[in-house]
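What follows is the residue order along each chain.
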Amino acid sequence: MSQPSAALPLVADGLGWNPGGTRVLGPLDLTVQRGELLVIVGPNGAGKTSLLRLLGGLLEPDTGTLRWGKLRGAGAERRRNRARQLVYLPQLSPLSIPLTVREFVRLGRYPHRDRWTLSATAQDHEITESALARLELLEMADRSMVSLSGGERQRVSLAAALAQGGAVWLLDEPTTYLDPRHQVEIASILQAVHRDGHTLVVTTHDLNLAAQLATRVVALEEGRILAQGAPRELLTEEQLETLFGVAFTVESSPQGLRIWPRAAEGARS
Ligand code: DCP
Ligand code: MG
């Protein structure tokens, strides 16, 4: 078997997950190259979250293998390196976290702490404050996480991700709950993270966001890869109708793609 090149952050080979004996995902092969911004699209229940959790090592695969091109060490040291290198943003952040916003964002620094003292350094505090500022959260930094709206919680989770940093970012529907201004803000943060040379794997139902951000789009259907390609190859009216079972209009211009389901077209007029 060939060794993964150091340029490959992730190589999944025959990856499958079958909880309780029921096939949810795979078996599928997927290679994520360093510096890619891979967007995974597909209907509810297609397995996007499951795939992201497998890629992040949060679920154990039932079949196949997952290799990390850049990880060093073995056992506990390897797990610690993975926690440092990997940013995982869940689709649903826990509702009842008895922490303030600032404390939660500071937790993002946890994998970087000295493993004996575990105390936060001046640098941890500085990075936390700058992540809070970037997501416009300084005014609510002392509020309890329990008191936040869905969109506010999502921005706090992204601030924690930003504070953590890492080579590979796995983001599960990072803009679902956000108002339009914050959607634009998050899209520009993700572009900046990508420009900095990081690798991102993002799931979303926002096809316009996928068109805007992706270097490659993977279409997932019933746990398998239906198709993949550059946004203009994959986000076509035919492909989207096959994937989602509803007709789409896709307008292409030099500025990019505009995509909407055709039922919504009637509603607009
Ligand atoms: N599933 C399961 N057991 C779990 C988690 C999920 O049986 N512990 C099932 C539910 C779905 C399928 O797996 O039928 C895929 O679930 P995902 O959460 O991976 O699906 P998506 O993320 O694609 O869906 P959504 O768009 O709703 O987030
Ligand atoms: Mg999901």
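Refer to the structure printed above.
Not measured: the values here are computed from a predicted model. (Residues numbered from 1 in each chain as written. Chains lettered and ligands numbered in written order. Predicted model: local features only at pLDDT ≥ 70, side-chain atom pairs only at ≥ 80, totals over all residues. Heavy atoms only, no water.)

Draft legend 1. Fine view of a nonpolar patch on the surface. A contiguous nonpolar patch, built from L107, Y110 and L118 and spanning about 260 Å² of accessible area, is present on the exposed surface. In this structure, L107 sits in helix α3 (residues 101-107). (Patch = residues over 30% accessible without salt bridge, like charges linked within 9 Å, V, L, I, M, F, W, Y side chains within 5 Å. Areas by Shrake-Rupley, 256 points an atom, 1.4 Å probe, with all protein chains shown as cover. Salt bridge = Lys/Arg side-chain N within 4 Å of Asp/Glu carboxyl O. Helix = DSSP H or I, 4+ residues; strand = E, 2+ residues; numbered from the N terminus.)

Draft legend 2. Here's a closer look at unusual backbone geometry. P27 follows G26 through a cis peptide bond whose omega is 0°. You can see P27 is positioned in strand β2 (residues 25-32). For E173, which is not glycine, the phi dihedral falls at a positive 50°. With respect to the helices and strands, the residue E173 is situated in the loop between β6 (168-172) and α6 (180-195).

Draft legend 3. A look at the coordination of the magnesium ion (ligand 2). With distances of 2.0 to 2.2 Å, the protein atoms coordinating the magnesium ion (ligand 2) are T49 (OG1) and Q91 (OE1). Highlighted residues: T49 in helix α1 (residues 48-55) and Q91 in the loop between β5 (86-89) and α3, separated in sequence by 42 residues. In this structure T49 comes out as partly exposed when scored by relative accessible area, which is 25%. Take Q91: its relative accessible area is 29%, and that puts it in the partly exposed class. (Donors = N, O, S within 2.8 Å, 3.2 Å for Na, K, Ca; no water. Buried < 20%, exposed > 50% of the residue type's maximum accessible area, 1.4 Å probe, protein only.)

Draft legend 4. Representation of the pattern of salt bridges in the model. Taken as a whole and assessed by the stated rule, the structure comprises nine salt bridges. Notably, a salt bridge pairs R102 with D142, separated by 2.9 Å at the nearest N-O pair. Here R102 is found in helix α3, whereas its partner D142 is found in the loop between α4 (122-134) and α5 (150-164), with 40 residues between them in sequence. Two residues, R181 and E136, come together in a salt bridge whose shortest N-O distance is 3.2 Å. Residue R181 is found in helix α6, and its partner E136 is found in the loop between α4 and α5; the two are separated by 45 residues along the sequence. What makes R181 exposed here is its relative accessible area of 52%. Overlapping salt bridges bring together R102, E129 and D142 as one network.

Draft legend 5. View of the nonpolar core. The biggest cluster of nonpolar side chains holds 50 residues, and the ones touching the most others in it are V41, V105, V156, L200, L235 and I259. Of all the elements, α5 adds the most residues to this core, at six residues. Not counting the four nearest positions on each side in its chain, L200 is found in contact with E36, L37, L38, W169, L171, L190, V193 and H194. Counting residues in hydrophobic clusters, the runner-up holds 25 residues, among them W17, L51, L86 and Y88. (Core = buried A, V, L, I, M, F, W, Y, C linked by side-chain atoms within 4.5 Å. Contact = heavy atoms within 4.5 Å.)

Draft legend 6. Representation of the packing of aromatic side chains within the structure. For the structure shown, the criterion picks out one aromatic pair. Ring plane angle 55° and centroid distance 6.0 Å describe the contact between F244 and F248, whose orientation is recorded as tilted. (Phe/Tyr/Trp six-rings, centres within 6.5 Å; stacked < 30°, edge-to-face > 60°.)

Draft legend 7. Structural context of α4. If you check α4, its first and last C-alpha atoms are 18 Å apart, about what 13 residues at 1.5 Å a residue would give, namely 18 Å. Structurally, α4 contributes buried residues whose contacts are with α3 and α5. At the exit of α4 stands E136, carrying a positive phi of roughly 55°. (Expected span 1.5 Å × (residues − 1).)

Draft legend 8. Summary view of the site of ligand 1. Around ligand 1 sit 14 residues in total, of which G45, K48, T49, S50 and H205 are the nearest. N44 has a polar side-chain atom sitting 3.0 Å from an oxygen atom of ligand 1. Note that an oxygen atom of ligand 1 is positioned 2.8 Å from one of the side-chain N or O atoms of H205. Bound to the protein, ligand 1 loses 59% of the 610 Å² it would expose on its own. No other element matches the three residues that α1 contributes to the shell around ligand 1. Looking at the shell around ligand 1 residue by residue, the classes come out as five nonpolar, seven polar and two charged. (Near = heavy atom within 4 Å. Polar contact = N/O pair within 3.5 Å; in protein donor to acceptor, adjacent residues only side chain to side chain. Nonpolar A, V, L, I, M, F, W, Y, C, P; charged D, E, K, R; others polar.)

Draft legend 9. Quick peek at the sheet that holds strand β4 (residues 63-67). The antiparallel open sheet is built from three strands, whose spatial order is β2-β1-β4. The open sheet is flanked by β2 and β4, the only strands paired with a single partner. Within this sheet the neighbouring strands show an average axis-to-axis angle of 15°, counted without direction. Both strand β1 (residues 10-17) and β2 contribute to a ladder of five bridges, which runs antiparallel. Residue L15 lies in a different strand from β2, and its bridge partner there is L28. Running at roughly 125° to β1, α1 makes contact with β1, β2 and β4 of the sheet. (Pairing = 2+ DSSP bridges. Axes fitted to C-alpha atoms, helices over the stretch in contact; angles between N-to-C directions.)

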